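Per-entry structural report
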Amino acid sequence: DAGVIQSPRHEVTEMGQEVTLRCKPISGHDYLFWYRQTMMRGLELLIYFNNNVPIDDSGMPEDRFSAKMPNASFSTLKIQPSEPRDSAVYFCASREDSNYGYTFGSGTRLTVV
Amino acid sequence: AQKVTQAQTEISVVEKEDVTLDCVYETRDTTYYLFWYKQPPSGELVFLIRRNSFDEQNEISGRYSWNFQKSTSSFNFTITASQVVDSAVYFCALSEAQTGRRALTFGSGTRLQVQP
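Report on the accompanying structure. No experiment lies behind these values; they were computed from the predicted model shown. (Residues numbered from 1 in each chain as written. Chains lettered and ligands numbered in written order. Predicted model: local features only at pLDDT ≥ 70, side-chain atom pairs only at ≥ 80, totals over all residues. Heavy atoms only, no water.)

Looking only at helices and strands, chain B features zero helices and 12 strands. In sequence order, chain B lays out its α and β elements as β-β-β-β-β-β-β-β-β-β-β-β. If one aligns the C-alpha atoms of chain B with their principal axes, the spans along those axes are about 45 × 25 × 20 Å. Counting the 116 residues in chain B, one finds 50% classified as buried. Within chain B, residue pairs in contact and separated by at least 24 positions form 57% of the contacts whose partners lie at least 6 positions apart. (Helix = DSSP H or I, 4+ residues; strand = E, 2+ residues; numbered from the N terminus. Buried < 20%, exposed > 50% of the residue type's maximum accessible area, 1.4 Å probe, protein only. Contact = heavy atoms within 4.5 Å.)

Structure below.
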């Protein structure tokens, strides 16, 4: 298995632009998670899905952030408009329902200038 | 609500020293899982161990060992005879399995520097 695949690995964008981060979970995994890592706040959960349905989005910072999971093999995290304070590493992870093994992608390093 | 505390922000040791990273957790669930992850300078999150709340046996894997004590809500990680390659940030995490959130809640991490 190729693991959790995130794209792009790095993204540099200008303030005000729309940014879309992508994630392909491991096939057969029922849960998908989006995390953000910053120096100030550490690793924080943004949102997670179970069987493509958002379960907990209480970590989404504000309306500028949105996440979708249109099918079991793909999810996006969109920021519109982006701001410099959104600069962080964004991780996607997936997990099987019956197995508490979380697999993380390599992350997307986002820089908003 | 669940919470994970790693009180040690940064630890510096000299190679071959033993080092223990502390982790204290809070949860209302009776069934939960505890984890340790390593984040080397390259940035990826590397899974080290998962332990469920019903298994309090200590575990050893090579130079790594873990001590789980429910009585003190702690899940500490010891590296024996540390090496420079152990330099990384280490995260402890918790996932609830009954009524709580199914996502991982991470501690703030402990940065370990192993000097040659």
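There's plenty left to go through after this.
Right, let's get into the overall build of chain A. For chain A, the helix and strand inventory stands at zero helices and 11 strands. Relative to a compact globule of 113 residues, whose C-alpha radius of gyration would be 13 Å, chain A shows 13 Å and is just as compact. Viewed in the frame of its principal axes, chain A has a C-alpha envelope of about 40 × 25 × 25 Å. In chain A, which comprises 113 residues, the share counted as buried stands at 50%. Counting only carbon and sulfur atoms, one obtains 47% of the accessible surface of chain A, whose full area is about 5,500 Å². Each charge sign in chain A was given a centre, from 11 positive and 14 negative side chains, and these centres are 4 Å apart. (Rg over C-alpha atoms; globule rule 2.2 N^0.38 Å. Areas by Shrake-Rupley, 256 points an atom, 1.4 Å probe, with all protein chains shown as cover. Lys, Arg positive; Asp, Glu negative; His and termini not counted. Charge placed at Lys NZ, Arg CZ, Asp CG, Glu CD.)

Taken together, the contact pairs 15 residues of chain A with 16 residues of chain B. Regarding the contact of chain A and chain B, the summed buried area is about 1,500 Å², with carbon and sulfur atoms giving 59% of it. Three residues stand out in chain A for area buried against chain B, namely Leu43, Tyr100 and Tyr102 of chain A, and they jointly supply 42% of the buried area on that side. For the interface between chain A and chain B, the tally reads zero salt bridges. For the interface between chain A and chain B, the tally reads seven residue pairs in polar contact (both at pLDDT 80 or more). Of all the elements in the fold, those that place two or more residues in the side of chain A that touches chain B are strand S4 (31-38), strand S5 (42-50) and strand S9 (88-95) of chain A. The leading source of residues in the side of chain A that touches chain B is S4 of chain A, at four residues. Residues that form the side of chain A that touches chain B fall into these classes: 10 nonpolar, three polar and two charged. (Buried area = accessible area lost by both parts, 1.4 Å probe. Salt bridge = Lys/Arg side-chain N within 4 Å of Asp/Glu carboxyl O. Polar contact = N/O pair within 3.5 Å; in protein donor to acceptor, adjacent residues only side chain to side chain. Nonpolar A, V, L, I, M, F, W, Y, C, P; charged D, E, K, R; others polar.)

Residues and elements named next belong to chain A. Going through the model one piece at a time under the given rule, you end up with two disulfides over all chains. Here Cys23 is linked by a disulfide to Cys92, with a sulfur-sulfur distance of 1.8 Å. With the S-S bond torsion at -70 degrees, the cross-link from Cys23 to Cys92 turns out left-handed. Remark: Cys92 occurs in strand S9 and Cys23 occurs in strand S3 (residues 19-24); sequence separation between them is 69 residues. (Disulfide = S-S within 2.5 Å.)

So, about the pattern of salt bridges. All names here are of chain A. A full pass over the atoms with the stated rule returns 11 salt bridges over all chains. Ionic pairing is found between Arg41 and Glu44, a salt bridge with its closest N-O pair at 3.0 Å. Residue Arg41 is classed as exposed on the basis of its relative accessible area, which comes to 59%. In this structure, Glu62 and Arg85 form a salt bridge, with 3.3 Å as the shortest nitrogen-oxygen distance.

Residues and elements named next belong to chain A. Tracing the chain through its elements places Thr20 in strand S3. On the basis of relative accessibility, which here comes to 18%, the residue Thr20 falls in the buried class. Setting aside anything within four residues of it in sequence, one finds Thr20 in contact with Pro8, Thr76, Leu77 and Lys78.

Residues and elements named next belong to chain A. Read from one edge of the open sheet, four strands run S1-S3-S8-S7, paired in antiparallel fashion. The open sheet has two edge strands with one neighbour each: strand S1 (5-7) and strand S7 (65-71). Going from strand to strand, the sheet's axes swing by 15 degrees on average, the running direction of each strand aside. Sheet analysis places S3 next to strand S8 (residues 74-79), joined by five bridges and oriented antiparallel. Following the sheet pairing, Thr20 is matched in S8 by Lys78. (Pairing = 2+ DSSP bridges. Axes fitted to C-alpha atoms, helices over the stretch in contact; angles between N-to-C directions.)

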